[in-house]
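Remarks on the overall topology
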Amino acid sequence: MPDTLIFYALSGLAILASALVIGQRNPMYSVMLLIASFGALAGLYIQLDAPFVAVAQIVIYAGAIMVLFLFVVMLLNAPQEDAAEWDRTHPLRQGGVGRFGAMLALLLVVQLAWALMRANDVSDAVSSRGDVATVSSVREVGRGLFTDYMFAFEATSILILVAMVGAVVLARQERGQ
Amino acid sequence: MIPLDHYLIVSAILFAIGTAGVFLRKNLITILLSIEIMLNAVNLTFVAFGRSLGTVDGQIITFFVMTVAAAEAAVGLAIIIALYRHRESLNPDTFSSLKW
């Protein structure tokens with residue numbers, strides 16, 4: 001029973017924070033709310049017996065990626081859309097493209113709900129199969145990472161190198177301007 | 001215990017919120033944040049399915065998704081900085097020409 005309560009509290013927090021992220025005018029608040037959402041997701045991962053993913057979620061997402069976002073928000077020094085602009089571009093006040101986008105998002109919700117309703121093998125308890133000690137073991141994750149997923153793991157290092165070089169080249173101040 | 005479809009529903013809601021953010025918002029930083037929400041929704045699905053099937057593969061895929069998200073954030077933010085330097089705006093409608 002406490003498990004269920006914790007699950008609903010964490011998922012409610014994650015959904016609420018994510019919904020507020022896209023409703024904020026100030027990107028600074030959006031980033032802070034997204035960190036809260038990631039914290040709630042990390043709690044869900046712990047409930048799913050995945051402590052490695054939970055810690056990686058906090059360290060990589062909340063600790064590294066979001067700090068990068070914060071740096072850019074502060075660097076650009078344009079934290080707030082002005083009120084007139086906000087009124088003009090508010091999603092609920094524009095026709096045409098904005099409404100089309102809202103409809104597409106709604107259609108996605110309907111489709112996902114329909115797909116979940118049609119699936120019949122998903123109502124088992126999530127921890128019905130597999131041994132907790134095996135699934136939650138960081139040793140098993142490391143073993144998988146360095147045996148079955150060896151190629152993908154090594155390719156990831158090249159991806160990160162390319163992304164690093166790309167970011168430096170893109171953000172570099174061009175001379176003579 | 002909590003059934004698998006509860007996790008899938010939470011993940012679907014988060015993904016839909018992210019999609020709505022990408023479609024509706026007119027701020028490049030918020031759009032990138034919405035993409036992060038979508039990636040996290042998919043991560044939750046991977047971990048939930050992995051736990052349900054009793055394997056660690058879902059957690060390993062999640063690890064790869066996180067590294068790709070980090071690379072994507074770095075390159076995306078670099079592009080945003082370059083764009084902001086040229087147009088002093090974060091509204092994607094401002095960037096309508098390929099060359100200037």
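Our structure's up above, just so we're on the same page.
Residues numbered from 1 in each chain as written. Chains lettered and ligands numbered in written order. Predicted model: local features only at pLDDT ≥ 70, side-chain atom pairs only at ≥ 80, totals over all residues. Heavy atoms only, no water.

Of the regular secondary structure elements, chain B holds three helices and zero strands. By the compact-globule yardstick of 13 Å for 100 residues, chain B is too spread out, its C-alpha radius of gyration being 17 Å. For the C-alpha atoms alone, the extent of chain B along its principal axes is close to 55 × 25 × 15 Å. By residue count, 61% of the 100 residues in chain B fall in the buried class. Summarising the internal contacts of chain B: among those between residues at least 6 apart in sequence, 56% fall at separations of at least 24. For chain B, the accessible area works out to roughly 3,600 Å², and carbon and sulfur atoms hold 71% of it. Of the side chains in chain B, 6 bear a positive and 6 a negative charge, and the two mean positions are spaced by 11 Å. (Helix = DSSP H or I, 4+ residues; strand = E, 2+ residues; numbered from the N terminus. Rg over C-alpha atoms; globule rule 2.2 N^0.38 Å. Buried < 20%, exposed > 50% of the residue type's maximum accessible area, 1.4 Å probe, protein only. Contact = heavy atoms within 4.5 Å. Areas by Shrake-Rupley, 256 points an atom, 1.4 Å probe, with all protein chains shown as cover. Lys, Arg positive; Asp, Glu negative; His and termini not counted. Charge placed at Lys NZ, Arg CZ, Asp CG, Glu CD.)

Summed over all chains, the structure comprises two salt bridges over all chains. Of the charged contacts in the structure, one is a salt bridge between Arg51(B) and Asp49(A), with a shortest N-O distance of 2.6 Å. Taken together, the residues Arg51(B) in helix α2 (residues 28-53) and Asp49(A) in the loop between α2 (27-47) and α3 (51-76) connect one chain to another. Given a relative accessible area of 2%, Arg51(B) falls into the buried group. Glu140(A) is the salt-bridge partner of Arg143(A), the closest N and O atoms lying 3.7 Å from each other. Taken as a pair, Arg143(A) and Glu140(A) lie in helix α7 (residues 138-146) at a separation of three residues, close to a single helical turn. (Salt bridge = Lys/Arg side-chain N within 4 Å of Asp/Glu carboxyl O.)

Okay, the packing of aromatic side chains next. The way to describe two aromatic rings as a pair is by their centre distance and the angle between their planes. Considering all chains together, one arrives at eight aromatic pairs over all chains under this definition. An aromatic cluster of three or more residues is present, and its members are Phe52(A), Phe146(A), Tyr149(A), Phe153(A), Phe63(B) and Phe64(B). (Phe/Tyr/Trp six-rings, centres within 6.5 Å; stacked < 30°, edge-to-face > 60°.)

Before going further, it helps to examine a nonpolar patch on the surface. Taken together, the side chains of Phe100(A), Leu104(A), Leu107(A) and Phe23(B) present a nonpolar region at the surface, about 360 Å² in accessible area. Take the nonpolar patch: its biggest share by element is three residues, from helix α5 (residues 97-118) of chain A. With respect to the helices and strands, the residue Phe100(A) is situated in helix α5. (Patch = residues over 30% accessible without salt bridge, like charges linked within 9 Å, V, L, I, M, F, W, Y side chains within 5 Å.)

The subject of this paragraph is the interface of chain B and chain A. If you look at the interface, chain B gives 70 residues, while chain A gives 84 residues. Summing the contributions of chain B and of chain A, the shared interface buries around 6,900 Å²; its carbon and sulfur component is 76%. Per-residue buried area on chain B facing chain A is highest for Arg51(B), Gln59(B) and Met66(B); these three make up 11% of the total on that side. Put simply, chain B and chain A have one salt bridge between them. Counting every contact that joins chain B to chain A gives nine residue pairs in polar contact (both at pLDDT 80 or more). Looking at which element gives the most residues to the side of chain B that touches chain A, the answer is helix α3 (residues 57-87) of chain B, with 25 residues. Across the side of chain B that touches chain A, the residue classes tally to 47 nonpolar, 16 polar and seven charged. (Buried area = accessible area lost by both parts, 1.4 Å probe. Polar contact = N/O pair within 3.5 Å; in protein donor to acceptor, adjacent residues only side chain to side chain. Nonpolar A, V, L, I, M, F, W, Y, C, P; charged D, E, K, R; others polar.)

So, about the packing of helix α1 (residues 4-24) of chain B against α2(B). Residues and elements named next belong to chain B. With their axes 8 Å apart at the nearest point, α1 and α2 run at an angle of 165° to one another. What the angle tells us is that α1 and α2 run roughly antiparallel. Of the two possible hands of crossing, α1 and α2 adopt the one that is left-handed. The segment α1 lies against α2, with Leu 4, Tyr 7, Leu 8, Val 10, Ser 11, Leu 14, Phe 15, Gly 18, Thr 19, Gly 21 and Val 22 engaging Ile 31, Ser 34, Ile 35, Ile 37, Met 38, Ala 41, Val 42, Leu 44, Thr 45, Ala 48, Phe 49 and Ser 52. By residue class, the composition of the contact of α1 with α2 is 16 nonpolar, seven polar and no charged. (Axes fitted to C-alpha atoms, helices over the stretch in contact; angles between N-to-C directions. Parallel < 35°, antiparallel > 145°, perpendicular 65-115°, else oblique. Left-handed = near helix turned anticlockwise from the far one by under 90°.)

One turn of the α-helix equals 3.6 residues, which is why residues spaced by three or four share an orientation. All names here are of chain A. Taking 1.5 Å of rise per residue, 21 residues should cover 30 Å, and α2 covers 30 Å from first to last C-alpha, within 8% of that figure. Capping of α2 at its N-terminal end is provided by Asn 26; its side-chain oxygen lies 3.0 Å from the backbone amide nitrogen of Met 28. Asp 49 lies just past α2 and shows a positive phi near 60°. (Expected span 1.5 Å × (residues − 1).)

Note that every value here comes from positions in space, so none of it alone points to a role or purpose.
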